[in-house]
Amino acid sequence: MRILILGSTGRIGRILVNEAVQRGHDVIVVVGHKSRLKITPDLLTVFEGTPLNNYTLAEAARGCDAILSTLNLSRTSYSPWAKLRASKDFLTQAMTNIIAAATEQRISRIVISTAFGVGDSKKHLRFWYRWLIRNSNLRYAYDGHNQQEQLLKQYGNNWTIVRPVWFNKSSEEKEVKVYLDQIPKASAKISRQSVASFMLDAVEQNLYTAQCPIIAEE
């Protein structure tokens, strides 16, 4: 498949790119600069730019079978109160452009990752985490993911929104449990490797269309 991957320099995105290349896909990425890639650029088709640029995104999406996005609203550190690196509406604007590019290029399959606690899963978060989101800069990421999801749900019925639980530090891929009508345990975690593999499986096998699976490791 010819796949456009956005967020390719992020912690999940880097794994996703490597995995997609290993599986034999034709991978296209959009990055600010090639030097940020953690894989030989010769293995990819690289567009230097940003998903906020409509022209760049449309050119990158040309001829693609699917778009995968792990875009997030990054901060200057892992602290919930750390300053944002991007504008507060980055995720909303990026998804608006993704949908425009997909429409222009007639790409129906879009898979994105957000987080457990976004959308209708928010009510299942522990009270202290809801408080943390509400009172720190995490709220901008969650607001952006909420907007992303709402926009994507209006785009046909061939989308998948992946909501991983808390991340562990493992680099191993393990069996993934999918929650559609149930809620994972509060202690449930998942590796970024497992998230990347799940997203590619969803694209390759056309799984969980028009659904928002919450995923965790057994």
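Residues numbered from 1 in each chain as written. Predicted model: local features only at pLDDT ≥ 70, side-chain atom pairs only at ≥ 80, totals over all residues. Heavy atoms only, no water.

Mind showing me how you'd approach the pairing of strand β2 (residues 26-31) here?
Remark: a regular strand shows side chains that alternate across the two faces of the sheet. Burial analysis of β2 places 5 of its 6 residues in the buried class, which makes it a mostly covered element. When strand β1 (residues 2-6) meets β2, the two strands line up parallel, connected through 4 bridges. Each residue of the ladder has a partner; that of Arg 2, found in β2, is Asp 26. Taken together, β1, helix α1 (residues 11-22) and β2 constitute a β-α-β crossover, and its handedness is right-handed. (Buried < 20%, exposed > 50% of the residue type's maximum accessible area, 1.4 Å probe, protein only. Helix = DSSP H or I, 4+ residues; strand = E, 2+ residues; numbered from the N terminus. Pairing = 2+ DSSP bridges. Right-handed = clockwise from strand over helix to strand, strands pointing away.)

How should the layout of surface pockets be read in this particular structure?
The gaps left among the atoms become clear once a water-sized probe is rolled over them. What the largest pocket holds in volume is close to 1500 Å³. If you go around the largest pocket, you meet 44 residues; those closest to its centre are Arg 11, Asn 72, Leu 73, Ser 74 and Arg 75. Among the secondary structure elements, those contributing two or more residues to the lining of the largest pocket are α1, β2, α4 (127-134), α5 (138-153) and β7 (166-167). Grouping the constituent residues of the lining of the largest pocket by class yields 22 nonpolar, 16 polar and 6 charged. (1 Å grid on protein atoms, 1.4 Å probe; cavity = no way out; pocket = protein on both sides within 12 Å on 5 of 7 lines; lining within 4 Å. Points joined across faces, edges and corners; volume = space filled by probe spheres on them. Nonpolar A, V, L, I, M, F, W, Y, C, P; charged D, E, K, R; others polar.)

What's the story with the packing of aromatic side chains in this structure? I'm lost.
Across all of its chains, the model carries 5 aromatic pairs by this definition. Ring geometry for Tyr 129 and Trp 166: centres 4.8 Å apart, planes at 50°, overall tilted. In this pair, Tyr 129 is assigned in helix α4 and Trp 166 in strand β7, connecting sequence segments 37 residues apart. By relative accessible area, which is 14% here, Tyr 129 ends up buried. (Phe/Tyr/Trp six-rings, centres within 6.5 Å; stacked < 30°, edge-to-face > 60°.)

Help me out: how do you make sense of the side chain of Arg 75 in this one?
Note that Arg 75 resides in the loop between β4 (66-69) and α3 (90-105). No salt bridge forms around the buried Arg 75; measuring N to O, its nearest opposite-charge neighbour Asp 143 is 12 Å away. In terms of polar contacts, Arg 75 uses its side chain to reach the backbone carbonyl oxygen of Tyr 78, at 3.2 Å. Only 2.9 Å separates the side chain of Arg 75 from the backbone oxygen of Ser 79, close enough to count as a polar contact. Among residues more than four places away in sequence, those in contact with Arg 75 are Pro 80, Ala 82, Lys 83, Leu 84, Arg 85, Asn 137 and Leu 138. (Lys, Arg positive; Asp, Glu negative; His and termini not counted. Salt bridge = Lys/Arg side-chain N within 4 Å of Asp/Glu carboxyl O. Polar contact = N/O pair within 3.5 Å; in protein donor to acceptor, adjacent residues only side chain to side chain. Contact = heavy atoms within 4.5 Å.)

What's the story with the sheet that holds β1 in this structure? I'm lost.
Sheets are built from strands paired through backbone hydrogen bonds, the pairs being either parallel or antiparallel. Across the sheet, which stays open at both edges, the 8 strands sit in the order β3-β2-β1-β4-β5-β6-β10-β8 with mixed pairing between neighbours. Of all the strands in the sheet, just β3 (45-48) and β8 (176-179) have a single pairing partner and so form its edges. Neighbour-to-neighbour, the strand axes of this sheet turn through a mean angle of 25°, independent of strand direction. Pairing of β8 with strand β10 (residues 214-217), which is carried by 4 bridges, proceeds in the antiparallel orientation. (Axes fitted to C-alpha atoms, helices over the stretch in contact; angles between N-to-C directions.)

Read these as layout, nothing more, since geometry by itself doesn't imply function.
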